[in-house]
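Structural features, examined
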Amino acid sequence: MASRSSGSARPGGRVTAVQLVSALFTFVAFSVIGGFLLAGIALPAATVGASAASGTSDLFEDLPDEPPGRVPVAAVEHLRARRQDAARHLL
């Protein structure tokens, strides 16, 4: 003897029209809710990405067309001396 755990399906596995419409309505409702939740998560992330891209573009636009002049030799020698002093302290 076969026992049924719920009375939701008719004998023979057939689904009524009411059950079909109810299942379709539930599917559509959950799909809409899921779409709103996904949009609520994705839109702020897209906004942050667009803002970062815009800021980066503005940064590159503000760069000069020509590279700056050469660094004076005295400044380069000063930086080398500081680097060598730092290296001696590490050893």
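To be clear, the structure that these remarks concern was listed above.
Presented here is an overview of the structure given in this document. (Residues numbered from 1 in each chain as written. Predicted model: local features only at pLDDT ≥ 70, side-chain atom pairs only at ≥ 80, totals over all residues. Heavy atoms only, no water.)

1. Considerations on the overall build of the protein chain
Check the secondary structure of the protein chain and you find two helices and zero strands. A burial count over the protein chain gives 0% of its 91 residues as buried. Summing over all exposed atoms, the protein chain offers an accessible surface of approximately 8700 Å²; the carbon and sulfur share of this is 67%. (Helix = DSSP H or I, 4+ residues; strand = E, 2+ residues; numbered from the N terminus. Buried < 20%, exposed > 50% of the residue type's maximum accessible area, 1.4 Å probe, protein only. Areas by Shrake-Rupley, 256 points an atom, 1.4 Å probe, with all protein chains shown as cover.)

2. Quick word on a nonpolar patch on the surface
Together, F27, V28, V32 and F36 give the surface a local cluster of nonpolar side chains, amounting to about 450 Å² of exposed area. When you line up the elements, F36 lands in helix α1 (residues 17-62). Taking relative accessible area as the criterion, F36 reaches 63% and is therefore assigned exposed. (Patch = residues over 30% accessible without salt bridge, like charges linked within 9 Å, V, L, I, M, F, W, Y side chains within 5 Å. Salt bridge = Lys/Arg side-chain N within 4 Å of Asp/Glu carboxyl O.)

3. Considering the pattern of salt bridges
Enumeration according to the criterion identifies one salt bridge in this entry. Note that R88 and D85 form a salt bridge whose closest N and O atoms lie 2.9 Å from each other. Taken as a pair, R88 and D85 lie in helix α2 (residues 73-90) at a separation of three residues, close to a single helical turn. The exposed category is assigned to R88, whose relative accessible area is 56%.

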